[in-house]
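Residues per chain are reported as follows:
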Amino acid sequence: KAGVTQTPRYLIKTRGQQVTLSCSPISGHRSVSWYQQTPGQGLQFLFEYFSETQRNKGNFPGRFSGRQFSNSRSEMNVSTLELGDSALYLCASSLPTDTQYFGPGTRLTVL
Amino acid sequence: QQPVQSPQAVILREGEDAVINCSSSKALYSVHWYRQKHGEAPVFLMILLKGGEQKGHEKISASFNEKKQQSSLYLTASQLSYSGTYFCGTAQNTGNQFYFGTGTSLTVIP
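Residues numbered from 1 in each chain as written. Chains lettered and ligands numbered in written order. Predicted model: local features only at pLDDT ≥ 70, side-chain atom pairs only at ≥ 80, totals over all residues. Heavy atoms only, no water.

A. Representation of the overall build of chain B in the model. Counting secondary structure elements, chain B contains zero helices and eleven strands. When its helices and strands are written in sequence order, chain B yields β-β-β-β-β-β-β-β-β-β-β. Taking 13 Å as the expected radius of gyration for a compact globule of 110 residues, we find that chain B reaches 13 Å, a close match to that expectation. Along the first, second and third principal axes, the C-alpha atoms of chain B reach 40 × 25 × 20 Å. Across the 110 residues of chain B, 45% fall into the buried class. Counting only contacts in chain B whose residues sit at least 6 apart along the sequence, the fraction spanning at least 24 positions is 55%. For chain B, the accessible surface area stands at approximately 5400 Å², while carbon and sulfur atoms represent 48% of it. Each charge sign in chain B was given a centre, from 9 positive and 7 negative side chains, and these centres are 8 Å apart. (Helix = DSSP H or I, 4+ residues; strand = E, 2+ residues; numbered from the N terminus. Rg over C-alpha atoms; globule rule 2.2 N^0.38 Å. Buried < 20%, exposed > 50% of the residue type's maximum accessible area, 1.4 Å probe, protein only. Contact = heavy atoms within 4.5 Å. Areas by Shrake-Rupley, 256 points an atom, 1.4 Å probe, with all protein chains shown as cover. Lys, Arg positive; Asp, Glu negative; His and termini not counted. Charge placed at Lys NZ, Arg CZ, Asp CG, Glu CD.)

This is the structure in C-alpha cells:
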C-alpha cells in the first residue's frame, strides 16, 4: 500500500499570504489528522477529519482551517501567515485503532 | 491533557538499556509509541490498548498500566539505530482527540 503523501514538501511564503497544504491518506483510511511541529512546542494537534467532517479540533486560531473530500484527501489552509507559523506540518491518517501513520510533512517557512 | 514524558533526554552507550515513561492525568483507552529521526516523520512502533497488556518487538517492548494512566517503553541492548526522539500518543477513547507527549530525545553512542 502506498503511504501518506503530502504536497508540497517545501514552501516559502511571506507574512500576510495564505497557503494550502494537501494530504492524501493511505487507501482505506478515513481519518486524517494535522499536526504542527516546531522545535520548541513539539507535536501540536491542529484538527482531525473523519468522513468529511471535522471531528476534533486543537487550540489554534481560526486562521487555520481544513477540509476533507469524499475520497478522504484533506487540505489545510492557513490565512494571513505570521512568522510564528513557520513549522513542519504533518498529516497522519488512521484506522479506527487511532494509530497515526504520518506523511513526510510540508516544511513551511514564513519570511 | 498532553501526556508528560520522562526523561526529556537520555544518552546511552551501545548495548545499554533505557526506559521512557509516559504519564497522563486522564483515563486512557490507548497508548501509542512513535520514534522520529531527525528530519523525518514519526514512525509508529507499537500500540497498547486498555487492559494492561505488554507488547514487544525484538528488543523494544512497552507496558501500559491503565490504573495509573502510565506507559513505559523499554529499549534493551540499544543499537545506534535507536537514536531519535520518542513520543507517546494517547487517546481517551477511540475517535477522541489524540495527544502526543512532550518527547524524549535518545542518543546512542558507540
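B. Local environment of the state of the cysteines. In this structure the tally under the stated criterion is two disulfides over all chains. The residue that forms a disulfide with C23(A) is C91(A), at a sulfur-sulfur distance of 1.7 Å. Taking the torsion about the sulfur-sulfur bond, which here is approximately -45°, the covalent link between C23(A) and C91(A) counts as left-handed. Placement of C23(A) in strand β3 (residues 19-24) and of C91(A) in strand β9 (residues 87-94) is noted, with a sequence separation of 68 residues between them. The burial state of C23(A) is the same as that of C91(A); both residues are buried. Paired by a disulfide, C22(B) and C88(B) hold their sulfur atoms 2.1 Å apart. (Disulfide = S-S within 2.5 Å.)

C. Molecular detail of the pairing of strand β5 (residues 43-49) of chain B. Residues and elements named next belong to chain B. Relative to β5, strand β4 (residues 30-36) runs antiparallel, the two sharing six bridges. Directly across from S30, in β5, lies its bridge partner L49. Hairpin geometry of β4 and β5 is characterised by an intervening segment of six residues between the two adjacent antiparallel strands and by a positive phi of about 80° at G39. (Pairing = 2+ DSSP bridges.)

D. Main features of the sheet that holds strand β8 (residues 74-78) of chain A. Residues and elements named next belong to chain A. Taken in spatial order, the four strands make up an open sheet running β1-β3-β8-β7, and their pairing is antiparallel. Unpaired on one side and paired on the other, β1 (5-7) and β7 (64-68) mark the two borders of the sheet. Going from strand to strand, the sheet's axes swing by 20° on average, the running direction of each strand aside. Where β3 meets β8, five bridges bridge the pair, whose relative direction is antiparallel. Bridged to V19 within β8 is V78. (Axes fitted to C-alpha atoms, helices over the stretch in contact; angles between N-to-C directions.)

E. Region of the structure containing the interface of chain A and chain B. On the side of chain B, 17 residues touch chain A, which itself brings 20 residues to the contact. Each partner contributes to the roughly 1500 Å² buried at the junction of chain A and chain B, and carbon and sulfur atoms together form 55% of this total. There are zero salt bridges connecting chain A and chain B. Taken together, the connections running from chain A to chain B amount to two residue pairs in polar contact (both at pLDDT 80 or more). Mapped by element, the contributors of at least two residues to the side of chain A that touches chain B are β4 (31-38), β5 (42-50), β6 (53-57) and β10 (101-102) of chain A. Looking at the side of chain A that touches chain B element by element, the count peaks at four residues for β5(A). Grouping the constituent residues of the side of chain A that touches chain B by class yields eight nonpolar, eight polar and four charged. (Buried area = accessible area lost by both parts, 1.4 Å probe. Salt bridge = Lys/Arg side-chain N within 4 Å of Asp/Glu carboxyl O. Polar contact = N/O pair within 3.5 Å; in protein donor to acceptor, adjacent residues only side chain to side chain. Nonpolar A, V, L, I, M, F, W, Y, C, P; charged D, E, K, R; others polar.)

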